[in-house]
Amino acid sequence: MLIKRTFGSSCCSGVAAHAGRSGGKSTSTFSTGNVGQRSYLLTRETNPELHNWDKTIRGIAQSEGLDPFSTVWWICQRDQLLSAAARMGFPSNFSHWKWGQDFKELNIGHRLGNQRIFEMVVNADPAVAYTMEGNELVDQKLVMCHVTGHSDFFKNNITFANTNKDMMDAIAEQASFVGKLQSSGISPIEIEQFFDMAFTVDDLIDTTNLYPNAIEFDDARLREPEPIPDNFGMADVSYMPPHIQRRFNRPEVVAKAREDEFQKRLADTAKTPVDPDADVLAFIIKHSTALRPWQRTLLSFIRERSYYFAPQGMTKVMNEGWAVYWHQHLMKHSAIIDPSEVTSFAAHNAGTLAMGSGSLNPYTLGISVFRDIKERWDKGQHGREFDQIEDRKERRKFDDGSMKGKEQIFQVRRLESDVSFIRKFLTSKVVADLNLFKFGYDERWNEYVVTSTELKDVRDGLVSQFSNGHRPRVLVVDGNYGNAGELHLTHDNPYELKADYLDRVCINLFRLWGRPIHFDSVMDIVVQEMKDVQEFDDDKGKFATVKKEVDVKLPLVPFRLTVKPMKCISHDHEEPGFQITKVRTYFHHNQWIQGTDKKDLISQYNISAGQIL
Amino acid sequence: MRIPDKLPFDLSRRIVSPSGKPLTCSDVRGNALPAQNPTKIFLRDTVPITIMEDSFLGLPTYQTFEVSLDDYNTFFRDLPSGDPDVGRFNRKLKELARDKLKKGLINPGQMAGRVGGKIVGVPVPSINIPNLVRGKSSQGGVGGFGEGDKTPRKGQTIGKGDDGNDPNGPGDEEGDHGSDLFVPFSRDEIAQMLIDKLGLPNLDPKGKQTLISEAIKWTATHHTGTFADIPETLANIIRSNISAGKIDPDNLNIDDLVVSPNDIVYQSYTETEQPEAGAAIIYMMDVSGSMTEREKEAVRTCAFYLSTIIQRQFGVARANLRGETYTADDFGVGVKEIFITHDARARERTEYEFYTTRESGGTVITSAFDLAEKIVDTRFPFDDWNVYMFYFGDGGNIDSDNEKLFHKINALSRKTNALGYIQTDSQMQSYSSSCFPGLDERFGMYHKHIRLARIEEPTNTAFTTAITKMLEDRN
């Protein structure tokens, strides 16, 4: 695949294994087919100046206490960087149109100057980073400092402790598996369609349990299988004369039938988790009846990737804040920055932290909170004593010279994730400095309005947004629902899900599971009810109470969505399709039961199985 | 050297934001207003571009801008890329567009393209991968204005909600960020799909082989010229070397071959005469006061697709006549289109004017047919040209004109290959007082040359039926 050079420096010795890896169908954007080398590895021979800067910055960072992975730098062209970014940092990814779409959007954004990606870093050991060739030196230095911050975070934050540091190899192996599938006769369109389905459900993992993310095939927590009745396997021969009865119901035959039935019931109980299980993907991979072996493997690949990327989603704000903090701090070093570069650096920095039009910039939020932590711990503005000071002026001026800021931020980067970070360390000072606000949707005017600027509301809003990696939490309740092998899922969060997306995801779950799906969720519905309404009666000339049918909005009503296969009639011919039914549920006898009244049916419609997405 | 006052191209044309000023980085960061609905002209001349804002916190937000066609083609359509999966994505888009076209006619007013051009952009809803995310009504969140003077006040509006789909209804495939992607299709391809779908017969330009055109065929060789004919030259070299006894024909060694100047031959041409076929299609539209936007939209759709189909069919027929294979470049070659609009009087128009004109007045239909006849007699004599005429209107006519119209159509039907009359039902013109019943009575629905069609509702099925009636085989 790559450059055939001899690597002199030690930091690249581990690279040969990564560099040489090319999967069967891996899309290597770094191929040597073009004129000259479009991309190259940063070594002492290829670019001595940048290599020296890399070593200098790394040395200074380590003297400040940072502990990053050793970094392997790829200097590449703009479109290669965008290709890598579209593939989440792994150029040897399998082929899919999604990378093409992301690449196109990134390209347009890059052209218009809206999103300028300067670098891309991958969580691996050694960390792999990409940067653009045409950048000015000051930008390259900034990028190196930024990446050092990220690399240190990946190495030391507790959420990342179990991520696969050899993910480059793993992804390349996945790509070569996909290539082998294609050469063994499975059509690429089928594979692509399966990936489309898998991408819609790829976030249904258990983010609270990132550690044991290998699928366990021996489930020790089983229910007791239902007891087999005594006369199972025995035919009723009481009407026959006794000497004939002896010939029926031979003990060994009956025993075998009972044993088979016991095994079957055992397997069935395995389909019902003792407690609701959040790792839906693992459950589907283990127990689905509709997946072929290669599909199971591909789905497990997707699951591995989700677990790999989950910590990044859960620590976005912290990670970016940490990297910005260090690139700001390191770039002040006289050994790194040159006076002529200062304005350029300031402009670039400001661009990264820009926050216009109200949308929240994770970089800015992260850096503000980190700076706030450092300041507070330097001045000792924390702890019980400080909390008890009521006077605002005294609080602002409090300074006991403890200078523990640096120690504290290092500990924070080790132990926290976004949710705990915001919950513990967001202060009203940061909220005021960044002009943060909580907004809500006003239905009357169909617009978004500011609802609060208080610390408590902003903090709770952020925490609820960040929880579970910005995604709702879906649990498997029963894999043998109705004793018919149907899958029963429930949704744990107190908010409504986007309805058309929910439909499409449930249809894809059906395709993956093979049997009907039942999904419990909540939704806002509008019901007509007879109510007493005060109305101005023109005839009598005064207000009078009238019984009228009024639209009543019921917030967050629990309902169950069922997906069943159904033939749809469209354009005078029959098409395979799905029927989606939404029925209100009620909590009765410790479980959720569907309502049986006609009023309880919220909606029912058919969707043809045309498109995968 | 004289320095020109004006450059032949306009350097100042850039991507324009809706306010008219060039699009800058800060515009894109959120200060520019979202695109308004462009003024409806026939084929869109601006294309929406969507930019994705940072999607790290919550749902991604999108902003859409209208970009002129030229800028779209230059900057956005085929960006140079080294990415191998962009081809996959484009192919997928093309498949989606093809499915959409197969399902039914797409309103050409929604396509992007130049009037009279060969390539149009077919809108395809953008594909995005759905995941489980928060719904609209609970989509509050946290935002910030950043360090600065802008402070948020309680109750302050910060953004407009979008018109989402009904959450209780079936999910559509509509793009959720509202903008479509435009997949370029040649009109030739669209015609091909429609012809297959509707089962239209090939055109037969009968006996119009009196037009001759000269064709130049580069299949000869000559001993002088500029481009050498390599295979022939090589053959000559080997032949002369063998006859001179210099080499052994069984083991040829390139180094042993001796080249003499006599061996080199060059490509040359011969002039031949080829039959030429020409077609003249005349479109006539009633633009009087009784035709509102609704009827005109129906007319535009039918005219656009008729034009597309006939141009392709004629190109195929012409290529067959000349003994060549039909390629996409031959689309519309040999076809001349004439556009006439009339109210009380008829005028010849350009294609652009035909599709965008608004007029009002009384209606005299024979004026259009008179003008058409005049054009055919002077410029496209029936002996040499294949003439097709199509009339679109709502059938409203001055009473005194109806008899003249029937005679006129009868007369013209002998001077044209086919004459089509399409009537849309309009709100202002009742069916019983329109021309259609009279025409139906006189000529019937199975007349060989005169084809009648009535569009009762502006639906795609009605358009398709009308187009099929115009072009079906009636032998």
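Quick look at the structure, then. (Residues numbered from 1 in each chain as written. Chains lettered and ligands numbered in written order. Predicted model: local features only at pLDDT ≥ 70, side-chain atom pairs only at ≥ 80, totals over all residues. Heavy atoms only, no water.)

**Digging into the overall build of chain A**
Phase 1: Check the secondary structure of chain A and you find 21 helices and 13 strands.
Phase 2: Split into buried and exposed, the 613 residues of chain A put 54% on the buried side.
Phase 3: Contacts in chain A between residues at least 24 apart in sequence constitute 71% of all its contacts with a sequence separation of at least 6.
Phase 4: About 29200 Å² of surface is accessible on chain A, with carbon and sulfur atoms providing 51% of the total. (Helix = DSSP H or I, 4+ residues; strand = E, 2+ residues; numbered from the N terminus. Buried < 20%, exposed > 50% of the residue type's maximum accessible area, 1.4 Å probe, protein only. Contact = heavy atoms within 4.5 Å. Areas by Shrake-Rupley, 256 points an atom, 1.4 Å probe, with all protein chains shown as cover.)

**Points about the pairing of strand E12 (residues 346–349) of chain B**
Residue and element names in this part refer to chain B.
Phase 1: Bridging between strand E11 (residues 335–342) and E12 involves four bridges; their strand directions are antiparallel. Residue phenylalanine 339 lies in a different strand from E12, and its bridge partner there is arginine 349.
Phase 2: Where E11 hands over to E12, the hairpin turn is made up of three residues, counted between the paired strands. (Pairing = 2+ DSSP bridges.)

**A short note on helix H8 (residues 365–379) of chain B**
All names here are of chain B.
Phase 1: In this model, H8 (15 residues) spans 22 Å end to end at C-alpha, consistent with the 21 Å of a helix rising 1.5 Å per residue.
Phase 2: Within the sequence span of H8, burial applies to Ile365, Thr366, Ser367, Ala368, Phe369, Leu371, Ala372, Glu373, Ile375 and Val376.
Phase 3: Tucked into the core, H8 has its buried residues touching strand E10 (278–286), E11, E12, strand E13 (385–393), helix H9 (402–413) and strand E14 (418–424). (Expected span 1.5 Å × (residues − 1).)

**Here we look at a positive patch on the surface**
Phase 1: On the surface, a cluster of positive charge is made up of Arg392(A), Lys393(A), Arg396(A) and Lys397(A).
Phase 2: Position of Lys397(A) among the secondary structure elements: in helix H16 (residues 392–397). (Patch = residues over 30% accessible without salt bridge, like charges linked within 9 Å, V, L, I, M, F, W, Y side chains within 5 Å. Salt bridge = Lys/Arg side-chain N within 4 Å of Asp/Glu carboxyl O. Lys, Arg positive; Asp, Glu negative; His and termini not counted. Charge placed at Lys NZ, Arg CZ, Asp CG, Glu CD.)

**Considering the sheet that holds E10(B)**
Residues and elements named next belong to chain B.
Phase 1: Ordered in space as E12-E11-E10-E13-E14-E15, the six strands form an open sheet in which the pairing is mixed. Every interior strand has two partners, whereas the edge strands, E12 and strand E15 (450–455), have only one. Put simply, the sheet's adjacent strands are angled 20° from each other on average, direction ignored.
Phase 2: Here eight bridges tie E10 to E13, and the two strands are oriented parallel to one another. For methionine 284, the partnering residue across the bridge sits in E13 and is tyrosine 391.
Phase 3: Strands E10, E11, E12, E13 and E14 of the sheet are contacted by H8, whose axis makes an angle of about 150° with E11.
Phase 4: Packing of helix H10 (residues 436–443) onto the sheet brings it into contact with E14 and E15, and relative to E15 it is tilted by some 145°. (Axes fitted to C-alpha atoms, helices over the stretch in contact; angles between N-to-C directions.)

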